[in-house]
Structure formats: structure tokens, C-alpha cells
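Reading the structure
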Amino acid sequence: MTTTTEKPTQSAPEENPHSLIETFKGQPRAVWVTAFAAVIAFMGIGLVDPILNTIREELNAPPSKLTQLFAVYLGVQVIAMLITGWAAFRYGPKRTLTVGLALIVIAAGVSTFAGNIDHLIAMRVLWGLGNALFMATALAFIVGAAKGGQHGAILLYEAALGVGLAVGPLLGALLGAWTWRAPFAGTAVLMLVGAVLCAFMLPSDGPRSERVEVSIVDPLKALRNRTLLLTSIGSAFYTGALFTVIAYAPLAMGLKPIPAGMVFFGWGLLTALSGVFVGPRLAEWIGQRGGVMTAIVGYGVVMALAAVGVATDQVWLTGLAIVLSGLPSGILNTLFTGVAMSSADPNKPRSVASAGYSFLRWMGGAASAVLVAYLAEWFAPAAPFWFAVGYCAVAVIAVGFVQSKTAESHHVDEDAALVGAEEF
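Under an unreviewed UniProt entry, the name given to the protein chain is Major facilitator transporter, and the source organism is Gordonia jacobaea. The protein chain has a UniProt comment under Subcellular location (unreviewed entry) that states "Cell membrane".

Let's shift gears to the overall build of the protein chain. In terms of helices and strands, the protein chain carries 18 helices and zero strands. Classification of the 424 residues of the protein chain by burial places 60% in the buried group. When the accessible surface of the protein chain is totalled, it reaches about 16000 Å², and 68% of it is carbon and sulfur.

This brings us to the nonpolar core. Residues Ile55, Leu69, Leu120, Phe134, Ile296 and Phe385 are the most contacted members of the largest nonpolar core, which totals 112 residues. Among the elements that make up this core, the one with the highest residue count is helix H11 (residues 226-253) (12 residues). Look past the residues within four positions of Ile296 in its chain and what remains in contact with it is Leu332, Phe336, Cys392, Ala395, Val396 and Val399.

Moving on, we come to the packing of helix H2 (residues 29-47) against helix H9 (residues 181-201). Relative to each other, H2 and H9 sit at 155°, their axes nearing to 9 Å. Here H2 lies roughly antiparallel to H9, going by the angle between them. Note on packing geometry: the crossing formed by H2 with H9 is left-handed. Packed against H2, whose contacting residues are Arg29, Ala30, Val33, Phe36, Ala37, Ile40, Ala41, Met43 and Leu47, the element H9 presents Pro183, Thr187, Leu190, Met191, Val193, Gly194, Leu197, Cys198 and Met201 at the interface. Class assignment of the residues belonging to the contact of H2 with H9 gives a composition of 15 nonpolar, two polar and one charged.

Thresholds applied
Residues numbered from 1 in each chain as written. Predicted model: local features only at pLDDT ≥ 70, side-chain atom pairs only at ≥ 80, totals over all residues. Heavy atoms only, no water. UniProt positions renumbered as here; feature names shortened; annotations may be inferred. Helix = DSSP H or I, 4+ residues; strand = E, 2+ residues; numbered from the N terminus. Buried < 20%, exposed > 50% of the residue type's maximum accessible area, 1.4 Å probe, protein only. Areas by Shrake-Rupley, 256 points an atom, 1.4 Å probe, with all protein chains shown as cover. Core = buried A, V, L, I, M, F, W, Y, C linked by side-chain atoms within 4.5 Å. Contact = heavy atoms within 4.5 Å. Axes fitted to C-alpha atoms, helices over the stretch in contact; angles between N-to-C directions. Parallel < 35°, antiparallel > 145°, perpendicular 65-115°, else oblique. Left-handed = near helix turned anticlockwise from the far one by under 90°. Nonpolar A, V, L, I, M, F, W, Y, C, P; charged D, E, K, R; others polar.

Given below as C-alpha cells:
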């Protein structure tokens, strides 16, 4: 997900701009409130994975129903790509953000009392919409208000990203070891605190005339750009492989909440760190397109490793592959986004191109999440991971057809890692 307004011009960064400790000093409360809510939202990414097997046992849910927890969430994201920018323009970023948080609170709270898997699936629809509305505007608030300019804002958001991705699976595991309902209740309480703080402490929305106009069809029009279209298709197939990991790996490993939480803790930590630190360095070395293709190949290799682990019943090998997949995944979140954003129409907000890109990306993830359980049923338990290898091959071919100077660039925009991560 991306911001819905252009970033305002900031003052020069303060002394020692690369110090996170210095960046933390003296930040206004609006920044801290939004960052806190962002941490909780990022925690929700890995929250469900450690308790997926427990939900299967407690609710007697088949794998095809469990993977719908991700499929419907992503399906909503596909639609949300077309409306979040328009909503923030029409109603204002603060209203959009606060409504999003309120929807997450309702969805997580009701999920705590779900009587069957269908109830959980229904709430994931609401959760996906709420997360989309919140993430569409969270980075805009931090960038607009953070002390230390854009770089300081990005350091803060990097911290929120890392903490959320790493802590989410651990929280889900620890609370899930007691009951699968506890992680949902914990998320609802934390998000309620965040929603109340945002409602009362964030600055009010200004008049609509001060915001950049975005229509619902603008993201689709942006896909007329050949580079953006090919990049989006490649990202759609990669995201299909990504959600093989997120939606199917917990079922394939069959672990209890604590061990599963440790696996996804490692995955989340590597995803956050590699996106922020490794991706830009790789682009400096071989360019953005070269970095994307290299990382996709690497992702295909770890998917093959996971398939071998499932086929030979070596859970440790599958778990290792899942953790290692965080490395190319973080790189791809950054570099795919960097290529997409560099191909944007300079006369339109960057959020429009990103929304079109994300529209196709999430469509690939949603299709994968729907199919993954059926692939295991039709072929073999390892089949979803072999299909993920195939998805990676198609993604490499699509990106290989991208021919533009911007795609070959060795420079990655500073916020590409964050925009890519928001799309979770």
C-alpha cells in the first residue's frame, strides 16, 4: 500500500541523520501514535501463521478453508488498491486511517468469539479492508510530521516495520499456546488503543482542495505503461510464491504454535532487514532489474528446498527454507517497488502507479492462496512449493522483458522498502 498524497518538502536532516537514537528524540506525538499503530498492523502479518494448525484442530477446518483466511484478505486488497487513494482524497487521510483502524478492531474482536472457520473468514474480509485503509495513509502522516525530514521519518518507519514483522509471529505463538483466540483478542485491544490515540491526537484533515485528486480508475490507467505492466505481472507471480509460504507452510510443517512462531519470527526478521539494508546494496551492484531477477531465482531455490523437505518429511529442512525465504522476499519487496515507482507518470502522484502495480500483485497472491490447498490435495503435499518454483520462473521471464533505463538504475528510492512492505 502506498501514501495517497505527495510528500511535502522537508527541511534538511539534523546532525547525525543516520542515528536512530537521534531520530527518536523530540518527535511529535502524531509520529509516535502513528508508528505505534503501524507496529500493531505489521504484527498482524505473521499473527495467524503460528496458530493455523491449532485453528484447524479446534474448528475442524479443512486446509481449503484455512487458506481462505489469506485468500479473502488478499481479495479485498485487490479491490482496495482502487479505492484507498480516492477515499483519502474525498474524506481526508485522518478519517481514512481512523476508519481503517476501527475496522481492524471490530474484525479482530469478533474473531475472538468465532464459532467456526466461516466466521473467521468473514472477519478477514473486514480486516483486510481496514488494514488497506490504514496503511494507505500511515506513512504519509509520519513523513509529514517527523522531525529530521524524510530520512528521519523513514528510519522511524523502518523501526516499526522491523518490530512488527518480528514480534507478530512471537506474540501469535505465545498467546496461541494458551488458546487460538488469544492472539485475536490481544490484537483487538492493542489496535483499539491505537485507534483512540489516532482519533484524538492526529491533526485534523485540511480542506479537500489542498489534497491531490485521485480517481478510482487512475490506477488501472497507469498500467498502460509497458514497464509498469510487465513489472506488475512479474510481481503477481512472485507474490503467488510468497503466499505459498504464508498460507501453506504452517500446514505443511504441522508445528505447534511456539515452534511455528519461531520459524516465522526468523522469516519476518530477515524480510525486514533485507528489504531495508540488502536490497539497495544489491541494486548498487547489479542494478534494480538485475537485483529483482537474482532474488526471484533465489526465492525459487528456497521453494525447491521447502518442497524437498515436505517430500522427505524433514520438517527442519522446510522450516529452514521458510526462514531463508525472508532474505529474497525482503529484497523483492524493495526492488520490485523501486522498478514500479521509477516507471510512474511524473504528472501523476506516485501512489497512482503503486496502486495499479499492487492491484495486479495482490491478484496473484489471492489466486495462489485459493489454489494452494487444492494443489496439495490433487497432486502431493509438496506440490504447492513446486508450483511456487514455477511461479518464480514465470516472474523471471516477465521481468526479463522489461527494457528501460529506470529499471536498470542502480539507485533505489529511500522509501521503496517501506512502500513495498506496506503492501503486506
